[in-house]
Amino acid sequence: MRHFLSNAIYYHSGRTPTGDEDSTPMDMWNGYVNNDDRALMKVIKYSSPTSAGAECIDPDCSWVEQWVHRAGPRKDIYYEPNEVKAAIVTCGGLCPGLNDVIRQVVFTLETYGVKNIVGIPFGFRGFFEKGLKEMPLRFHFGNTIQLSRNLVENINLAGGSFLGVSRGGAKTSEIVDSIQARRIDMLFVLGGNGTHAGANAIHDECRKRKLKVSVVAVPKTIDNDIPLMDKTFGFDTAVEEAQRAINSAYIEARSAYHGIGLVKLMGRSSGFIAMHASLSSGQVDVCLIPEVSFALDGEYGVLQHLEQLIKNKGFCVVCVAEAAGQELLQNSGATDASGNTILSDIGVHMQQKIKTHFKGIGVHADIKYIDPTYMVRACRANASDAILCTVLGQNAVHGAFAGFSGITSCICNTHYVYLPVTQVITAPKRVNHKGRMWHRCLTSTGQPDFR
Ligand SMILES: Nc1ncnc2c1ncn2[C@@H]1O[C@H](COP(=O)(O)OP(=O)(O)OP(=O)(O)O)[C@@H](O)[C@H]1O
Ligand SMILES: O=P(O)(O)OC[C@H]1O[C@](O)(CO)[C@@H](O)[C@@H]1O
Ligand SMILES: [Mg+2]
């Protein structure tokens, strides 16, 4: 059975994603990606649903080919570059690499010959909030002049977003009114799962109004919670920073009498940062993630295990994901401006519980609690994220010029591809508690089941 993930809209009339055979012989290599090039998404054939990490698409767990469009520059382009107005917007929370992507989008647009490039300030809010004007990406002594790479050339040297970010306020019809009024032909949307849902709504509304606007997303989030792709940009850097916090907790705990280092790490609904930082540091005794429930109290609870670690080893380090153990806490039900649930503080709760527990049993314990929060995402991209951002940013522009809309520029199974946005907004990706990576993490920490 063959299955194509290809329901993104392709504007080029007379050219379908699968129908454009290129008969160029091998010796006439031209560096372009053929429209019929595809990448295979799944490369493991699980022989049984009980295989570790098995993802069964059909009931028999038989292997289903899934092909996706290969990303990159096409020989034929849909737009006349000097007529194009392109806009870039960055939404959601900060993430290392936003500036790297903005920079590459500008560079690549310029290479195609696009001169009219604008930045939308402070996320989707910049489309309709009064007083927020679009940002020409080049100023000269207060006067707006033609775009050049000069203004964005060094923005990758700092973290944050050159354009600013925001949550909430997504009114699709107003955004599309604004796109229409500003005569935008290409919109590059950098953001996480919420932003992708927003990009999809904008794409649909543009289709409804018969506007030929290419809406191309680039998946950004330190949480790494967007499905079907190997990783989102910013994740690697966040893990690296998180690892520094764990290292500090380890040093504090190791140097104290009965030291307990406790680190809380970001991750709205997925434990990827906590799991990967625990794995990479190798200094964690207990890693707690939202995908695996645990008890704090009782014979098999976390506190009992910490007691044993203090007794046997003299110190220990705990890494807890911010969304872990929410069922143990009271939740106000409050949401942020984008509708995301505001989490209760598991880190502070655990700190109190550990203190009370050791006091109760009359054993000295010196708890050092580290909450690095925004430090893991306000930094600049590390080397591997910088490369990922470069490729994804360039491919986003190639995708728009190829005439695609409603796609996201990402990496799947080590290949750079375009996925339909609709495919990546179904549900957040979460750590597979039956998968090999979580079990590698358990082997590394040596922790038991806390249930
Ligand atoms: N279902 C949706 N439809 C339309 N717009 C949405 C939807 N969900 C979120 N948005 C909009 O997308 C923007 C970003 O969403 P959100 O704040 O959830 O961040 P995100 O993209 O998920 O990134 P992060 O990983 O930082 O949380 C917001 O302006 C929000 O209003
Ligand atoms: O920027 P805010 O609204 O404080 O949101 C924090 C959330 O954003 C993220 O950094 C990215 O989704 C999460 O890890 C975290 O829960
Ligand atoms: Mg999100």
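Residues numbered from 1 in each chain as written. Chains lettered and ligands numbered in written order. Predicted model: local features only at pLDDT ≥ 70, side-chain atom pairs only at ≥ 80, totals over all residues. Heavy atoms only, no water.

- The name recorded for the protein in an unreviewed UniProt entry is Phosphofructokinase domain-containing protein, from Triticum turgidum subsp. durum.
- Recorded in UniProt under Cofactor (unreviewed entry), the annotation for the protein is "Mg(2+)".
- Of the protein, the UniProt comment under Catalytic activity (unreviewed entry) reads exactly: "beta-D-fructose 6-phosphate + ATP = beta-D-fructose 1,6-bisphosphate + ADP + H(+)". (UniProt positions renumbered as here; feature names shortened; annotations may be inferred.)

**Regarding unusual backbone geometry**
Move 1: Of note, Phe122 is a non-glycine position whose phi angle comes to about 55 degrees, a positive value.
Move 2: The class of Phe122 is partly exposed, set by a relative accessible area of 39%.
Move 3: Backbone geometry places Leu228, a non-glycine residue, at a positive phi of 75 degrees.
Move 4: Here Leu228 shows up in the loop between strand 11 (214-219) and helix 5 (235-255). (Buried < 20%, exposed > 50% of the residue type's maximum accessible area, 1.4 Å probe, protein only. Helix = DSSP H or I, 4+ residues; strand = E, 2+ residues; numbered from the N terminus.)

**Thoughts on the pairing of strand 10 (residues 186-191)**
Regular strands show a simple pattern: their side chains alternate between the two faces of the sheet.
Move 1: For strand 10, the tally of buried residues reaches six of six residues, placing the bulk of the element in the interior.
Move 2: Taking every second residue as pointing to the same face, both faces of strand 10 are buried, with Met186, Phe188 and Leu190 on one and Leu187, Val189 and Gly191 on the other.
Move 3: Of the pairings in the sheet, the one linking strand 5 (residues 85-90) to strand 10 comprises five bridges and is parallel in character. Of the residues in strand 10, the one forming a bridge with Thr90 is Leu190.
Move 4: In this sheet, strand 11 lies alongside strand 10 in parallel orientation, the contact comprising six bridges. Its bridge partner lying in strand 11, Leu187 is registered against Val215.
Move 5: As a crossover connection, the stretch from strand 10 through helix 4 (residues 193-208) into strand 11 is right-handed. (Pairing = 2+ DSSP bridges. Right-handed = clockwise from strand over helix to strand, strands pointing away.)

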